[in-house]
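# Report on the structure
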Amino acid sequence: MAQPVLAACGLQAEHLPRLTILKQDSGVDGSFLIAATLGHRLKASKDHHVLLVASHHTYHHYSAACMKVGFNLGPSRDSGQLQILDVAADLFRNYPNNIPSLDEIAERIQAFLQARPDGTILVDDLTYFLNFDHSEAQLIDFVEQLVVQDDRHHSLVIKLNTADRWATLCANLDDLAQVEIGLQRLTSGQFREVDGRLVVRRFLAEKDDGDEQGLLRLKKVDRSVLYKVNERNIKVFVPGEVGIKNL
């Protein structure tokens, strides 16, 4: 089951923030959070629609991952509740004739939002497009177009691979996001019982007399837990529990 990790990250709520960013360190695969969120959003309500932009992994990867935790994506996809942009699979089939384009992705997302203005969009992973002559500035513009739409009530969850490399991109997305979830390696090295650390930060707005806009954004560490991805569940641990005292 994936409920413990969703609860730890705040991703089980009925209404997610407008923008949640998942920042994974090099060597860490955070796609389990995309899969867990995907299954939960579809299962929570048959009326809630989800668009998955799959670039790091294909749709078949997520289908298998969700099946292991007890959710079959097939009926949701067949009914139209789940829509897929299988970027990785399309590149494999069509390369080099059809290179991934952010403009085309943006058009597909806008069409989805026109029909489902309160839907959820999951992007795994945004930094993938840097491999195809897209710049950090273009990725920032892409996210801004999706976030700065006050007339809609959709939620956006975006994963960044090797986030520590893209300082400009991450700094700008921080300004747009309400929640940041860091997926980090263990500083003590590999450990059989734990895969890594999840650090959840929320961006709070506080008034400050020295702020000309009257608004200052602060990043607050909301929660820090250890996690282990097993074959059919995802476990979370509080640092200091028996057996993992030194992590």
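These notes cover the structure that comes with them. Since the structure is predicted, the reported quantities are computational estimates derived from the model, not experimental observations. (Residues numbered from 1 in each chain as written. Predicted model: local features only at pLDDT ≥ 70, side-chain atom pairs only at ≥ 80, totals over all residues. Heavy atoms only, no water.)

## What about the pattern of salt bridges?
Across all of its chains, the model carries 7 salt bridges by this definition. A salt bridge links Glu 180 to Lys 23; the shortest N-O distance between them is 3.3 Å. Of this pair, Glu 180 sits in strand β6 (residues 179–184) while Lys 23 sits in strand β1 (residues 19–24), and the two are 157 residues apart along the sequence. With relative accessibility at 4%, the residue Glu 180 sits in the buried group. Salt-bridge contacts for Lys 68 lead to Glu 231; the nearest nitrogen and oxygen are separated by 3.2 Å. Here Lys 68 is found in helix α3 (residues 59–68), whereas its partner Glu 231 is found in the loop between β8 (216–229) and β9 (234–237), with 163 residues between them in sequence. By relative accessible area, Glu 231 is classed as exposed at 51%. A single network of salt bridges, built from pairs that share partners, joins Lys 23, Asp 174, Glu 180 and Arg 201. (Salt bridge = Lys/Arg side-chain N within 4 Å of Asp/Glu carboxyl O. Helix = DSSP H or I, 4+ residues; strand = E, 2+ residues; numbered from the N terminus. Buried < 20%, exposed > 50% of the residue type's maximum accessible area, 1.4 Å probe, protein only.)

## Comments concerning the environment of Asn 72
With respect to the helices and strands, Asn 72 occurs in the loop between α3 and α4 (73–79). Of the polar contacts made by the side chain of Asn 72, one reaches the backbone nitrogen of Gly 74; its length is 2.9 Å. (Polar contact = N/O pair within 3.5 Å; in protein donor to acceptor, adjacent residues only side chain to side chain.)

## What about the packing of helix α7 (residues 136–147) against helix α8 (residues 167–176)?
Contact geometry for α7 and α8: axes closest at 9 Å, N-to-C directions at 15°. Viewed along their axes, α7 and α8 adopt a mutual orientation that is roughly parallel. The handedness of the crossing between α7 and α8 comes out as right-handed. Here α7 contributes Glu 136, Leu 139, Ile 140, Val 143, Glu 144 and Val 147 to the contact with α8, which in turn contributes Ala 167, Thr 168, Leu 169, Asn 172, Leu 173 and Leu 176. The residue inventory of the contact of α7 with α8, partitioned by class, reads 8 nonpolar, 2 polar and 2 charged. (Axes fitted to C-alpha atoms, helices over the stretch in contact; angles between N-to-C directions. Parallel < 35°, antiparallel > 145°, perpendicular 65-115°, else oblique. Left-handed = near helix turned anticlockwise from the far one by under 90°. Contact = heavy atoms within 4.5 Å. Nonpolar A, V, L, I, M, F, W, Y, C, P; charged D, E, K, R; others polar.)

## Comments concerning the layout of surface pockets
One simple way to see leftover space: roll a probe sized like a water molecule over the atoms. Each pocket or cavity is described by its volume, and for the largest pocket that value is around 360 Å³. As for the largest pocket, its lining consists of 19 residues, and the residues nearest its centre are Phe 32, Ala 65, Val 229, Asn 230 and Ile 234. For the lining of the largest pocket, the secondary-structure elements that each account for two or more residues are α2 (31–44), α3 and β8. Counted by class, the lining of the largest pocket contains 10 nonpolar, 4 polar and 5 charged residues. Contributing to the lining of the second largest pocket are 19 residues, with Glu 14, His 15, Arg 41, His 48 and Asp 118 lying nearest its centre. (1 Å grid on protein atoms, 1.4 Å probe; cavity = no way out; pocket = protein on both sides within 12 Å on 5 of 7 lines; lining within 4 Å. Points joined across faces, edges and corners; volume = space filled by probe spheres on them.)

## Describing the packing of helix α6 (residues 102–115) against α7
Across the interface, α6 lies against α7 with an axial gap of 11 Å and an inter-helix angle of 10°. Between α6 and α7, the interaxial angle falls into the category roughly parallel. Contact residues: α6 offers Leu 102, Ile 105, Ala 106, Ile 109 and Gln 110, while α7 offers Gln 138, Leu 139, Phe 142, Gln 145 and Leu 146. Among the residues making up the contact of α6 with α7, the classes are represented as 7 nonpolar, 3 polar and no charged.

By themselves these figures say nothing about function.
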